[in-house]
Each structure stands twice: as C-alpha cells, then as structure tokens.
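# A closer look at the structure
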Amino acid sequence: MKSFLNRMNGYKVFTGLFDSVKDLVFLMEVEGDSFRYVYVNQAGINILNRPYDLIGKRIEEVDSPPLAKHLIEKYREVVETKQSIEVENTIETADGNRIGETSLNPILTEDGQCTYVLAIVRDITDRYLKEEELKQIKENLERQEKHLYSIIEHNDDLVFELDLQGKFKSINNKAVKVIGYKEEELVGQRFDPLIVEFDLDKAVNNFNQALSDKNMEYEIWVYHHTGKKILLHVKNIPIVVDGVLEGIYGIAKDITQEKAMENELERIKNELQLVWENTTDAIFIIAQDGSIASLNPTFEAMFGYLEEEIRDKQQIPIFPGGGEDLHHQSIVEKIRQGQEVLNAEVRRVTKSNEILEILASYRPINKGNILAVGMYKDITERKKFQKKLKESERRYRKLVELSPDAVIVYAKGKIRYINNAGVKLAGYASKKDVIGRSIWEFVTSKEREKIKQIANMRYENSNEEETEPITQEFVRSDGTVIDTEVSVAPVEYNGEEALQVILRDITERKEYEQQLQYLAYHDPLTGLKNRRSFTEILDQAIQHAQESQSKLAVMYMDMDNFKGINDSLGHEAGDELLKQFADRLRKTVRGSDILCRVGGDEFIVLLNHIADQHAVVEVAERLHEVLQQPYRLIEEPFQVTSSFGISLFPEHGTSAKRLLHHADIALYAAKQDRNKYQFYQTGEQF
C-alpha cells in the first residue's frame, strides 16, 4: 500500500484527490478470496452513512450476502484478467438501496501482480429510475398499440380509416374477408369505386358530414371484389387529435343476409296472414295476462262472437263453466313455464250456447305482450262419432270391427286376429286368408327389419308405454303401394302375451301434404307457376342461357279491362275469365315455355331458346290473336283485349329482376294504347 501511495505522491494527495469528487471511491486490498476496504472517500462515507470503522473490513462483513457474493465475483474477475470492467450494482445505504454504475480498475505491482482494486461508483439511481419510467411508458404504449391493433384485427365488424380526401389508410382482416379486396389494393385509393352507383351520392354526402365533425350512421350498398353487391351498416367517426381533424374511422357490419332474412320474414308473414285468414281452424293470440289479444275470422265463425266481444276480456265467454276456465288457467301457467300443449281435448260454448268439442293446441311465444298462439279444431262431429262407436261397443262388442284402422293381433310368429279394416287394407277377401299366417308375408316395407326390431322390443319391454307410431310404405296384395302409420303395443289375447299392431292408411294425408307443396309453387286458381317459382326458374334459365350463349324473352301481360268485368259480373266470372285466359296461354305457347300468374290479371311468359327477336314476334302475334277471341262468361260472349311488354336476354338485362322490371316498363308503355304488345326500349322508364 505504501508503495502505491508513494506512486500517488503520498496519502494526502491521494485522499485529497478522491475526496473532492462526487462519485464514491473505494480502494480494496486483495486478501485471499476476499477483498478488504482500505480507503473510502468522503462521498462514499456520506452516501453509505457508515463510520470510519468500514476501513479494514472485508466485503462480506459489510454488505448483505447476495450483494457481497456479486461484488466478490466482479472483483475476482478484475484480479484474474487484470483488466478494468464496468458493472452496474446495488448500493446499500441507510436510506435504502440505490443503483450504482461502477468502474473496477486493477492496480498492479511492478512485477504485474494485482494487489489492489480501485472502485469508482457513480450514483445513477435518478437516471436509472427515469430510464425505467421511460421504458415502462414505452412498453405501455406498445401494449396499448398492440391491444388496439388486436381489437381492430379481430373485430367482427369491418374497420377502416380514411384520410381527408376519402382515401383508405388501412382496413382490418374482417373488411378483407367481406369485400374480397386485399389491403394493398385499397390503401391509397378513394372509396368511390366500391360504392354501388345508386348509393354513391349518399356515401359522399355522409363522408362530407363526417368531415364536419359529425358522427354518421347509415346503410349503403357496396361492390364485392367479384362484383356482387353487399349491404353494409356503416358508422363514420371523425378522428380529431388536439382539436385537428386528421381523418375518418369507419365501422361497418355486413347486413346483407340480415336484410334478406327481413324480406323473407315479411314474405312469410304475408303467407301466414293468408293462413290466418283462410284456415278452417280457429287461431288466436294469448296475451301475457291470459286474455285473448286477437283472433282469426274462423274463430268468429266458429263461436259466433265478434273479435271486440272477446279481445282483452278477463272473463272469456266461450268457457262453459264446470272447471273449464280453471283448466284454461292451468294451461296458461304451463305455457308461462315454456311448456307446449298439444291436442288437448276441451269443451267450449258458442254465443248460441252450443257446446263444442275442441282439440286445443298451444305453443309458447313469450315475446312482448304475446304469451302464446292457440289453435282450436272443432272435433264435435268426430267426438259424436267416437261416442257412437263406444255405444256400439257396449251394444255389440265389435268396436274393433268398426275401426277404420287395421287391427292385427300377433303372437308366437302368427296372426291370431285381424279386423275387417285389416283385411281390406291388406287387399284380401276374408279373414281366413290371413289368420294363422306370418304378418311379414303381407309386409314388403323397405324397413321391415326396423319394424321387427320394434316388435321384439315391445315383447321384451311389455310394461313400457306405447311407442310412437312410425310411417312406412306397404304393398297390398294387388301391388298397390299405400302409406301407413304403424303403432305396436303389447296386449293379452286369449290368455297369452301378444302384440297389437294398428295400421292407419295415411295416403290421403300424404297426398294433401304433397298438394300443399304444390300450392307453394303454383297459383291455385289457374295451376300456373306462381311468382316465387317463376323467379327461381327464370334465374336458372338465365344461367343456362349464359352458359349456352342463347337468348330468351320475358313477356309481362295483363287484361285491359279485367277490373270492369270483375266488378260488373262478379268474382266468379272474373275467376272463370282468368282460367280461360290461362288455358289459352297453355295452348298457344311452346312446350319449352314457362307460364306464371303473378296475381290479379297479371301473367308472365318465359320464352326459352329463341333464335332472335323475329321468333319472339311470331309468338307475340300468335298470342295477341288468340287472346282477342271472345270469352264465354255466364253463357255470354265477352270481348277482352290484353296488352303485354317484352324484354330480351341479354339485350335488356342479365338478371331476373332487371328483365322483369323492363318487361313491366314495356307493358306500361303498351297499356297507353291497349290491345298491343311492346318491346322494351333502352332508357324507357315509368
């Protein structure tokens, strides 16, 4: 140490030099595997708040074990490498820990041995804290930016940003998926080309309103990358930073399907209205308080009450007493619990005090003031018939023989009994042709094994309730295929376990269902296609014409004075006129052409596979001539002319909507003179 101090021109020079600096200075003597304090400058004493007894102590005697271990490792590194190093370490003071930036410098003897280490420590706590604070702020900003990016990119809505000129600055992934454009295809481009022409002014106006610092919300049609149209619900939000408008945020939702569903629901609503007004069953709406909120015309006809005599009444006059009103309240409670009530047999009384036997069904709705919808089917006549059957059973004990359903008792692989209905259903002459034979000899169902499994299950589980009926096709002895509803239940017959098989012929019901399916796509009066069916056919015809590069034509026609005839002669004569008109169309057009009754006296003809306009003219002339012939109504001839408009594919449109619209415009033009046909003229409007 003395030699070192001698090199420093004495101890006072050394201490004076380092006591004058603000940094902490330690002179550490190498002592085996540790280091001993031999000098601490004034700054070190002040900061460490340690007395002079620090001198002479080893590191591990002064600092905490973790810090001492760390410092010893760094000091050893200096001794071994004989190189200065920079370290950042904790300074333990009486006021708490601080952060130091330490320079460890070896002091070498003349023979190159490191016997001392000079440590100069600069207190960088304030700088460190500021750097940590800035680092935290930066991390928070980056995290917030990532959060915002994640919110935008994973948003279920389309999110985009426009500059003040209406050019895209960014779009999120949802926007890319919905409109089909990549982000790089839109960034830097104005929004105008995306907007469907008829909505362009609206889009520009709403953008300008947003530039005036107004939040805008609207619906608008845009083009997908493929050219199809998409309906968006858009919100424009001004981006204002420090009072300066920098751009526009847009948030949009694809409501194309939602709008289509609304339109479809409206169509269904209209169809249901037809059912409401024309069904043979009484339909009514039950309010939350259990009263009847509305009822259909059949309800009025069935019970003889007007709607205002029933609606909103707590005491409903159709209940005959005897607990029926309480029964109704119990049904209301079940409905409130979300339970469906089907085919409950109840009694109701008409205004003329006639008791009706009713088959009642209730379906929960629970929306707004509507609790449920109810339906009454008048089964009075059916119940009277059932009563007669029971009386006949008591009198003649032959109820089964009178049953309209086929009843078969089957045991040990053989038919033990069959009623007359069963014999008739199977197509045989007498019971002896059936008794003693296997039932499967008379069943050629495609699912015979399934019925066998049900029968075996019923044998094995005879205590269970009757299974639900199944519907199967059966072939009678003459080969006729009929639809039947089959029920299987265990019974006891002549003291032995058996199965009772009941077969009900539901052929007529199936035919009725098929008729309903037919009416969904056809006009019930004329048998022609209805508009719904025709539009689907026209779409297919257009697609085929595009693929085959062929032409087609649409004729939109109506009668020139149908209303006058309908008003003067009555609706029956009007209906007869419509049927004769439709019949003439059938007989005049070609086999490949499609006829449609739109409604009223409006009809549409689709001419497929036409060569040119001349071919259309030939058909039009023929129709024009045929339709001018007198019609016979109420045994008298009547002259009724008609007019029709014609549009051609592809000249006048490439979509069903446009072709129909243009044909309608041409019809309007033809109606100005009447009794003529008119081709659509480009640019022509109503």
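Note: the structure precedes this text.
Residues numbered from 1 in each chain as written. Predicted model: local features only at pLDDT ≥ 70, side-chain atom pairs only at ≥ 80, totals over all residues. Heavy atoms only, no water.

### Topic: the overall build of the chain
- Broken down by element type, the chain carries 23 helices and 27 strands.
- Put simply, the chain shows about 39700 Å² of open surface, and 49% of that area lies on carbon and sulfur atoms. (Helix = DSSP H or I, 4+ residues; strand = E, 2+ residues; numbered from the N terminus. Areas by Shrake-Rupley, 256 points an atom, 1.4 Å probe, with all protein chains shown as cover.)

### Focus: the sheet that holds strand E12 (residues 292-295)
- Taken together, the 5 strands give an open sheet; going across it, the order is E12-E11-E15-E14-E13, and neighbouring strands pair in antiparallel fashion. The sheet is open, and its two borders are formed by E12 and strand E13 (341-349), each paired with just one other strand. Sheet twist, expressed as the mean angle between neighbouring strand axes with direction ignored, is 30°.
- Where strand E11 (residues 282-287) meets strand E15 (residues 370-378), 6 bridges bridge the pair, whose relative direction is antiparallel. The residue of E15 that forms the bridge with Phe284 is Gly374. (Pairing = 2+ DSSP bridges. Axes fitted to C-alpha atoms, helices over the stretch in contact; angles between N-to-C directions.)

### Here's the deal with helix H22 (residues 613-627)
- Taking 1.5 Å of rise per residue, the 15 residues of H22 would be expected to cover 21 Å, and the 21 Å separating its terminal C-alpha atoms lies within 8% of that figure.
- Those residues of H22 not exposed but buried are Val616, Val619, Ala620, Leu623, His624 and Leu627. Projection of H22 onto a plane perpendicular to its axis shows the buried side chains occupying an angular sector of 135°, all on one side. Across from the buried face of H22, at angles greater than 90 degrees, the exposed residues are His614 and Glu625.
- The elements touched by buried residues of H22 are strand E21 (551-559), helix H21 (571-588), strand E23 (602-610), strand E24 (631-633), strand E26 (642-649) and strand E27 (677-679).
- The opening residue of H22 is Asp612, an N-cap whose side-chain oxygen sits 3.1 Å from the backbone nitrogen of His614. (Expected span 1.5 Å × (residues − 1). Buried < 20%, exposed > 50% of the residue type's maximum accessible area, 1.4 Å probe, protein only. Arc of directions from axis to C-beta. Contact = heavy atoms within 4.5 Å. Polar contact = N/O pair within 3.5 Å; in protein donor to acceptor, adjacent residues only side chain to side chain.)

### Describing the pairing of strand E20 (residues 496-505)
- When strand E16 (residues 406-411) meets E20, the two strands line up antiparallel, connected through 5 bridges. Looking at the pairing, Val409 lines up with Gln500 of E20.
- Across 10 bridges, strand E19 (residues 481-493) lies against E20 in antiparallel orientation. Bridged to Glu492 within E20 is Glu497.

### Description of the pattern of salt bridges
- Scanning the model with the defined rule gives 31 salt bridges in all.
- In this structure, Lys671 and Asp558 form a salt bridge, with 3.1 Å as the shortest nitrogen-oxygen distance. Of the two residues, Lys671 sits in helix H23 (residues 656-671) while Asp558 sits in strand E21, which places them 113 residues apart along the sequence.
- Among the ionic pairs, Lys676 bridges to Asp673, the shortest N-O distance being 3.6 Å.
- What makes Lys676 partly exposed here is its relative accessible area of 25%.
- One salt-bridge network, in which partners are shared between bridges, spans Glu219, Lys259 and Glu262. (Salt bridge = Lys/Arg side-chain N within 4 Å of Asp/Glu carboxyl O.)

### Digging into the sheet that holds strand E17 (residues 414-418)
- As summarised here, the arrangement of the 5 strands in space is E17-E16-E20-E19-E18, forming an open sheet in which the pairing is antiparallel. If you trace the sheet from one side to the other, it starts and ends with E17 and strand E18 (470-475), each paired once. With strand direction ignored, the average angle separating the axes of adjacent strands in the sheet is 40°.

### Some thoughts on the packing of helix H19 (residues 531-548) against H23
- The geometry of H19 relative to H23 is characterised by a closest axis approach of 9 Å and an angle of 115° between their N-to-C directions. In terms of orientation, H19 and H23 fall into the roughly perpendicular class. Along the contact surface, H19 presents Arg531, Phe534, Leu538, Asp539 and Ile542, while H23 presents Ala656, Leu659 and Leu660.
- When its residues are assigned to classes, the contact of H19 with H23 shows 6 nonpolar, no polar and 2 charged. (Parallel < 35°, antiparallel > 145°, perpendicular 65-115°, else oblique. Nonpolar A, V, L, I, M, F, W, Y, C, P; charged D, E, K, R; others polar.)

### Looking at the side chain of His662
- Mapped onto the secondary structure, His662 falls in helix H23.
- Judged by relative accessible area, which is 9%, His662 ranks as buried.
- Setting aside anything within four residues of it in sequence, one finds His662 in contact with Ser647, His652 and Tyr680.

### What to know about a nonpolar patch on the surface
- A contiguous nonpolar surface patch, about 350 Å² in accessible area, is contributed by Leu265, Ile268, Leu272 and Val275.
- Mapped onto the fold, Ile268 is located in helix H10 (residues 256-278).
- Judged by relative accessible area, Ile268 falls into the partly exposed class, the value being 31%. (Patch = residues over 30% accessible without salt bridge, like charges linked within 9 Å, V, L, I, M, F, W, Y side chains within 5 Å.)

### Concerning the nonpolar core
- Grouped together as the largest cluster of nonpolar side chains are 31 residues, with contacts concentrated most on Met555, Met557, Phe603, Val616 and Ile646.
- Those elements that place two or more of their residues in this core are E21, helix H20 (562-569), H21, E23, H22, E24, E26 and E27.
- Among residues more than four places away in sequence, those in contact with Ile646 are Ala553, Val554, Met555, Val616, Ala620, His652, Ala663, Ala666, Tyr677, Gln678, Phe679 and Tyr680. (Core = buried A, V, L, I, M, F, W, Y, C linked by side-chain atoms within 4.5 Å.)

### Here's the deal with the pairing of E11
- E11 sits mainly inside the fold: 6 of its 6 residues count as buried.
- Across the two faces of E11 the burial is the same, with Ala282, Phe284 and Ile286 and Ile283, Ile285 and Ala287 all buried.
- Judged from the 3 bridges that link them, E11 and E12 form a sheet pairing that is antiparallel. Of the residues in E12, the one forming a bridge with Phe284 is Leu295.

### Things to note about the environment of Asn278
- With respect to the helices, strands and loops of the structure, Asn278 is situated in helix H10.
- Residue classification places Asn278 among the exposed residues on the basis of a relative accessible area of 58%.
- A C-alpha to C-alpha distance of 7.9 Å links Asn278 and Pro297, two positions 19 residues apart in sequence.
- Within the structure, Asn278 has its side chain in polar contact with the backbone oxygen of Leu274 (distance 2.7 Å).

### Here we look at the packing of aromatic side chains
- Throughout the structure, instances matching the rule amount to 14 aromatic pairs.
- Relative to Phe168, the ring of Phe160 has its centre 5.9 Å away and its plane inclined at 70°; by these criteria the two rings are edge-to-face. Note on accessibility: Phe160 and Phe168 belong to one class, buried.
- A centroid spacing of 4.8 Å and a plane angle of 40° characterise the contact between Phe581 and Phe603, whose relative ring orientation is tilted. Linking Phe581 in helix H21 with Phe603 in strand E23, this pair joins segments that are 22 residues apart in sequence.
- Ring pairing ties together the aromatic residues Phe284, Phe299, Phe303, Tyr362 and Tyr376, which thus form one cluster.
- Over the face of the ring belonging to Phe191 we find Arg190, whose NZ or CZ atom lies 5.0 Å from the ring centre. (Phe/Tyr/Trp six-rings, centres within 6.5 Å; stacked < 30°, edge-to-face > 60°. Lys NZ or Arg CZ within 6 Å of the ring centre and 35° of its normal.)

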